[in-house]
Amino acid sequence: MGQEEARTVPATTLERAARSILEAAGAPAGTAAAVAGSLVESNLVGHDSHGVRRLIPYVEAIDAGAVRPAARCEIAAQRGATGVVDGRRGFGQPAAHLATELASRLATEHGVATVAIRECNHVGRLGEYAGALASRGLVGLVFGNADPSVAPYGGRERRLGTNPLAWAAPRAEGADPLVMDWATASMAEGKVAMSLAKGEPVPDGVIVDRAGRPSTDPAAFYAGGALLPFGGHKGYGLSVLIELVGGLLTGTGASCLPGYDGGFGTVVMAVRVEAFVPLEEFRARAEDLCRTLGSTPPAEGFDRVLVPGEIETLTRERRLREGVPVPKAHWDELHALARRLGAAMP
């Protein structure tokens, strides 16, 4: 497989194009702006799997009736430190933003908070929401279950979603928070799609083909293969708990069982640091930890030691200067989609 060229696009241009496509697909201007901003932010921090390439499956979901582009999410219930947001089958990003706002408010009041989102579609990159909580001086934890694409440990057929988890904590004032954000699969499905679009193989241990044989060809996944859990039984165990808690608390259901509603069972949790220790003390110690880790002598093949979230900060700075690389295959697909919808594209 040979690599395909990429086009470099300024983030502002990419965001205008995404808004235009979303509005042409039926999203109100405010919703289109929120979703486009979230997608392009994913591109900026280097998570292209959750960037503008998602516009294609999003519009397909609208065409299939799975996403109601004009739906408006709402707070459906509150009790003590808990809440429920109803996504009403609209775009997932506005629902996740509302759940994050609610979790922040409840944690500030009660010390901790848990908010479940029902009737929720794909919310994008979970680190966006966990990071937003950490930027307010809270510890944020976000996870969710998705449609089956991952084989259980020791199996060869799809039974679990990629079931991602994001966890974030504040650092010193003015510093970007510590953010951990990854799928419990060995690779997010969107990153497999990016490898396919670029004509690149995936690493060993990421997928098996439909017969259960290891493969590095991303096309094998889309031909009926399956992703594997990261870390063997450890990632599998974490995925099972996310499947259970994310799926059942939200009413989405476990994705491999009858009754699964096809959504993304998202749970947002927040902890107010000051309920336990002074926030400034926490920030100072977090910064001490980051400095200590960053000062570790690098191993062979590494320039320096980074902390979680740091590579995203560096990538964002570079892409704001230089633009966002979009694989030619995805750029051509976006142009074709825009032509079909009558949307503006650069």
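Anything mentioned here points back to the structure above.
Residues numbered from 1 in each chain as written. Predicted model: local features only at pLDDT ≥ 70, side-chain atom pairs only at ≥ 80, totals over all residues. Heavy atoms only, no water.

### Things to note about the nonpolar core
- Among the nonpolar cores identified, the biggest contains 30 residues, and L14, I21, L22, V52, L55 and F91 are the most heavily contacted of them.
- Listed by contribution, the elements that provide at least two residues to this core are α1 (11-24), α2 (29-44), α3 (55-63), β12 (324-327) and α11 (328-341).
- Other than its neighbours up to four places away in sequence, L55 contacts A18, I21, L22, L39, L334 and L337. (Core = buried A, V, L, I, M, F, W, Y, C linked by side-chain atoms within 4.5 Å. Buried < 20%, exposed > 50% of the residue type's maximum accessible area, 1.4 Å probe, protein only. Helix = DSSP H or I, 4+ residues; strand = E, 2+ residues; numbered from the N terminus. Contact = heavy atoms within 4.5 Å.)

### A short note on α11
- Here α11 is 14 residues long and its end C-alpha atoms lie 20 Å apart, about the 20 Å a rise of 1.5 Å per residue gives.
- Each element contacted by the buried residues of α11 is listed here: β1 (6-9), α1, α3, α6 (189-198) and β12.
- Backbone geometry just after α11 places G342 at a positive phi near 75°. (Expected span 1.5 Å × (residues − 1).)

### As for the side chain of R319
- With respect to the helices and strands, the residue R319 is situated in helix α10 (residues 310-322).
- Overall, R319 belongs to the buried group, its relative accessible area being 9%.
- Contact partners of R319, with chain neighbours within four places excluded, come to N43, L44, G46, D48, V324 and P325.

### Side note on the pattern of salt bridges
- Inspection of the entire model under this criterion finds 17 salt bridges.
- The salt bridge partner of D86 is R118, with a shortest N-O separation of 3.7 Å. Placement of the pair is D86 in strand β3 (residues 82-86) and R118 in strand β4 (residues 112-118), with a sequence separation of 32 residues.
- Taking the relative accessible area as the measure of exposure, D86 reaches 11% and is therefore buried.
- The closest approach of N and O atoms between R89 and E119, which form a salt bridge, is 3.1 Å. With R89 in the loop between β3 and α4 (92-110) and E119 in the loop between β4 and α5 (127-135), this pair connects stretches of sequence that are 30 residues apart. (Salt bridge = Lys/Arg side-chain N within 4 Å of Asp/Glu carboxyl O.)

### Notes on the sheet that holds strand β2 (residues 74-79)
- Sheet architecture is open: 7 strands sit in the order β2-β3-β4-β11-β5-β6-β7, paired in mixed fashion. Of all strands in the sheet, those with a lone pairing partner are β2 and β7 (178-182), marking the two edges. Going across the sheet, the axis of each strand differs from the next one's by a mean of 10°, ignoring polarity.
- By the bridge criterion, 6 bridges tie β4 to strand β11 (residues 265-272) in an arrangement that is antiparallel. Each residue of the ladder has a partner; that of A116, found in β11, is V267.
- The strands touched by α5 within the sheet are β5 (138-145), β6 (165-169), β7 and β11, with β6 carrying the most contacts at an inclination of about 20°.
- Sheet strands touched by helix α8 (residues 233-249): β4, β5, β6 and β11. Its angle to β5, the strand with the most contacts, is close to 90°. (Pairing = 2+ DSSP bridges. Axes fitted to C-alpha atoms, helices over the stretch in contact; angles between N-to-C directions.)

### Overview of the packing of aromatic side chains
- Enumeration over the complete set of coordinates arrives at 3 aromatic pairs.
- Ring centres of Y58 and F91 lie 5.9 Å apart, and the angle between their planes is 55°; on these two criteria the pair is classed as tilted. Here Y58, found in helix α3, pairs with F91, found in the loop between β3 and α4; they are 33 residues apart in sequence, far enough to count as distant.
- For F91, a relative accessible area of 5% translates into the label buried.
- Ring geometry for F221 and Y222: centres 4.9 Å apart, planes at 85°, overall edge-to-face.
- Residue Y222 is classed as partly exposed on the basis of its relative accessible area, which comes to 38%.
- R158 extends its terminal NZ or CZ atom over the ring of F221, reaching a point 4.1 Å from the ring centre. (Phe/Tyr/Trp six-rings, centres within 6.5 Å; stacked < 30°, edge-to-face > 60°. Lys NZ or Arg CZ within 6 Å of the ring centre and 35° of its normal.)

### Overview of the environment of G212
- Structurally, G212 is set in the loop between β8 (207-208) and β9 (214-215).
- Note on G212: relative accessible area 26%, which makes it partly exposed.
- Sequence separation between G212 and A103 is 109 residues, and the spatial gap between their C-alpha atoms is 41 Å.

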